[in-house]
Amino acid sequence: MICDNLTVSNGRLLFAGQDTVELARQYGTPLYLMDEDRIRANCRVYTEAFRRHFGPGARPLYASKANSFQRIYEIMREEGMGIDVVSSGEIYTALRAGYDLGQAYFHSNNKTDEDIRYSMDHGIGYFVADNVEEIKAIEAEAARRGIKQRVLLRLTPGIDPHTYEAIATGKVDSKFGSAIETGQAEEITLFTLRQPHVELVGFHCHVGSQVFAEDVFERAAVIMLEFAAHMEKAHGYQTRQLDLGGGYGVRYVEYDPVLNVDAKVAQVAAAAKGACARLGIALPEIHMEPGRSIVGDAGLTLYTVGTVKEIPGYKNYVSVDGGMPDNPRFALYGASYTCLLANKLDQPAEFPCSVVGRCCESGDIIQEHVLLPRSVGRGDILAVCTTGAYNYSMASNYNRLPRPPIVMLRGGNESYVAVRRESLEDLCRNDL
Ligand SMILES: Cc1ncc(COP(=O)(O)O)c(C=O)c1O
Ligand SMILES: N[C@@H](CCCC[NH3+])C(=O)O
């Protein structure tokens, strides 16, 4: 199995120790399951690694774009995680969970004036400003309120993270941030330092997502620290916080490696400490923003199989009762997933097929080149593994399909609804 929270008993798939076929019967399909114990364990790997390798002050921030709903912010609060938010919607959800916004970092390449006002109304801790226009807007709003707003600046270190092109973000030509290489990073730093109502606490970068490549974060840390040292020597500005973004990859299929987050954080810490010693600067408070590696392997989606279509000499299709509206990642990135027939794991998987959704769209594919048991048919339960990140948070109502619920699993035998299934009435709630 690709993750150790997946096991098999009597030919059935268990997730977090619970029978997925039974859960599908109890809650209906399509169904997002989240393993709460795994989410907490993933948080603890990060919080402990940060404490051990970076020391006090350093901490992980959960990138809540990966999966944003009220319960997840409660868990982050309980686990002592900071959070990264990117919209008033994520902020609103975090506030409803009682999350202290003073611990939140507001990203995005285009915060609206309304976002800025709304987040300041609720005491946002930090803005991660993307560009000069944002600094101007934050300065104007902070001046109006007579406050000094803390900000970090998002910079692009010019690193290729070797991931899907659509989710690489730290290259010089990215839509995000100001490039160190072009001199724009220095310009925006000096501009920010001149603003009376903005307090520059440091710098941020994010190189990309689903990253496995060796030493990407170490190189990013060194480039960012070299920039920080230059700002200190040339302009007397001392960086207090350095946020190295998110991006560690998770295992979707057998050939994906298993990342040892503690070892990775240790390597980044060693690189950062070494660079600071060489450059003669103090080690800033280091932050990282994991999203996928906090929730990815804590998620599993269950579907009911409908039509099975065989086209002799061509290909076979297995259709399920969800699709791109609940998981758009194959359609967007050609992303890989492991699909299992949850109620027939005692049968050999030798029927080659494409697992497809129910939308009126040929690109509505969950996964190609899947092997399932030959007896696959209507009523079987199909599981797609590792769907905890960027599935629910990217879900849509395309073809007027209601979004599935999120059911949380904990303690090996407990389950509860964290997000209820959308109803047909919900679909029309804004229609006038
Ligand atoms: C600024 C920023 N931080 C953090 C993340 C989280 O990345 P991941 O889910 O790959 O850990 C992202 C998304 O890639 C991001 O854009
Ligand atoms: N949504 C992307 C990752 C982008 C992360 C945000 N910068 C995915 O599903 O892989």
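No experiment lies behind these values; they were computed from the predicted model shown.

Novice: Outline the site of ligand 1, listing residues and values.
Specialist: Close to ligand 1 lie 16 residues; His206, Ser209, Glu289, Arg292 and Tyr390 are nearest. Contact between ligand 1 and Gly247: an oxygen atom at 2.8 Å from a main-chain N or O atom of the residue. Contact distances for ligand 1 include 2.9 Å between an oxygen atom and a backbone N or O atom of Gly291. Most atoms of ligand 1, that is more than half of them, are within 2 Å of grid points of the largest pocket. Counted by class, the shell around ligand 1 contains three nonpolar, eight polar and five charged residues.

Novice: Requested: an account of helix α8 (residues 216-235), with residues and values cited.
Specialist: Over its 20 residues, α8 extends 28 Å from the first C-alpha to the last, a length consistent with the 28 Å expected when each residue adds 1.5 Å. Taken together, the buried positions of α8 are occupied by Val216, Phe217, Glu218, Ala220, Ala221, Met224, Leu225, Phe227, Ala228, Ala229 and Met231. Looking at the buried positions of α8, the neighbouring elements they touch are β9 (149-156), α7 (184-193), β11 (198-204), β12 (241-243), α9 (261-279) and β13 (285-288). Just beyond α8, the residue with positive phi is Gly236, at close to 70°.

Novice: Report on the packing of helix α2 (residues 36-54) against helix α3 (residues 70-78), specifying residues and quantitative values.
Specialist: Two elements in contact, α2 and α3, have axes separated by 10 Å at closest approach and are oriented at 40°. Overall, the two elements α2 and α3 adopt an arrangement that is oblique. Crossing handedness for the pair α2 and α3: right-handed. Contacts between α2 and α3 pair Glu36, Ile39, Arg40 and Cys43 from the former with Arg71, Ile72, Ile75, Met76 and Glu78 from the latter. Here the residues of the contact of α2 with α3 sort into five nonpolar, no polar and four charged.

Novice: Provide a residue-level description of the side chain of Asp243, including the pertinent values.
Specialist: Summarising the element assignment, Asp243 is placed in strand β12. No salt bridge is formed by the buried Asp243; the nearest opposite charge belongs to Arg154, separated by 9.2 Å. Leave out the neighbours within four places in its chain, and Asp243 touches Leu61, His107, Leu152, Phe203, His204, Cys205, His287, Met288 and Glu289.

Novice: Let's hear about the layout of surface pockets: which residues, and what values?
Specialist: If you add up the space inside the largest pocket, you get close to 1000 Å³. Surrounding the largest pocket, 43 residues form its lining, Lys65, Val86, Glu90, Tyr390 and Ser393 being those nearest its centre. The element contributing the most residues to the lining of the largest pocket is helix α4 (residues 88-96), with four residues. Its residues assigned to classes, the lining of the largest pocket comprises 15 nonpolar, 17 polar and eleven charged.

Novice: Run through the pattern of salt bridges, naming residues and quoting values.
Specialist: With the rule as written, the count across this model stands at 29 salt bridges. The salt bridge partner of Arg40 is Glu78, with a shortest N-O separation of 2.6 Å. Within this pair, whereas Arg40 is found in helix α2, its partner Glu78 is found in helix α3, the two being separated by 38 residues in sequence. With a relative accessible area of 13%, Arg40 lands in the buried category. Glu78 gets classed as partly exposed once you look at its relative accessible area, which sits at 44%. Two residues, Asp380 and Lys344, come together in a salt bridge whose shortest N-O distance is 3.0 Å. Linking Asp380 in the loop between β18 (365-373) and β19 (381-385) with Lys344 in the loop between β16 (339-341) and β17 (349-356), this pair joins segments that are 36 residues apart in sequence. The pair Asp380 / Lys344 is uniform in exposure class, with both members buried. In the salt-bridge network here, residues are joined through shared partners; they are Glu36, Arg40, Arg44, Arg71, Glu74, Glu78, Glu79, Arg410 and Glu414.

Novice: So what about the nonpolar core? Which residues, and what values?
Specialist: In terms of nonpolar packing, the biggest core is built from 84 residues, with Ile39, Met76 and Phe203 touching the most fellow members. By size, the runner-up hydrophobic cluster in this structure holds 21 residues, among which are Ile2, Leu6, Leu13 and Leu31.

Novice: Talk me through the sheet that holds strand β2 (residues 12-15); I want residue IDs and the actual numbers.
Specialist: Read from one edge to the other, the open sheet built from three strands follows the order β1-β2-β3, with strand pairing classed as antiparallel. At either margin of the open sheet sits one strand with a lone partner, and together these are β1 (6-9) and β3 (18-19). Taken together, the four bridges between β1 and β2 define a ladder with antiparallel strand orientation. Residue Leu6 lies in a different strand from β2, and its bridge partner there is Phe15.

Rules behind the numbers
Residues numbered from 1 in each chain as written. Chains lettered and ligands numbered in written order. Predicted model: local features only at pLDDT ≥ 70, side-chain atom pairs only at ≥ 80, totals over all residues. Heavy atoms only, no water. Near = heavy atom within 4 Å. Polar contact = N/O pair within 3.5 Å; in protein donor to acceptor, adjacent residues only side chain to side chain. 1 Å grid on protein atoms, 1.4 Å probe; cavity = no way out; pocket = protein on both sides within 12 Å on 5 of 7 lines; lining within 4 Å. Sits in = over half its atoms within 2 Å of the grid points. Nonpolar A, V, L, I, M, F, W, Y, C, P; charged D, E, K, R; others polar. Helix = DSSP H or I, 4+ residues; strand = E, 2+ residues; numbered from the N terminus. Expected span 1.5 Å × (residues − 1). Buried < 20%, exposed > 50% of the residue type's maximum accessible area, 1.4 Å probe, protein only. Contact = heavy atoms within 4.5 Å. Axes fitted to C-alpha atoms, helices over the stretch in contact; angles between N-to-C directions. Parallel < 35°, antiparallel > 145°, perpendicular 65-115°, else oblique. Left-handed = near helix turned anticlockwise from the far one by under 90°. Lys, Arg positive; Asp, Glu negative; His and termini not counted. Salt bridge = Lys/Arg side-chain N within 4 Å of Asp/Glu carboxyl O. Points joined across faces, edges and corners; volume = space filled by probe spheres on them. Core = buried A, V, L, I, M, F, W, Y, C linked by side-chain atoms within 4.5 Å. Pairing = 2+ DSSP bridges.

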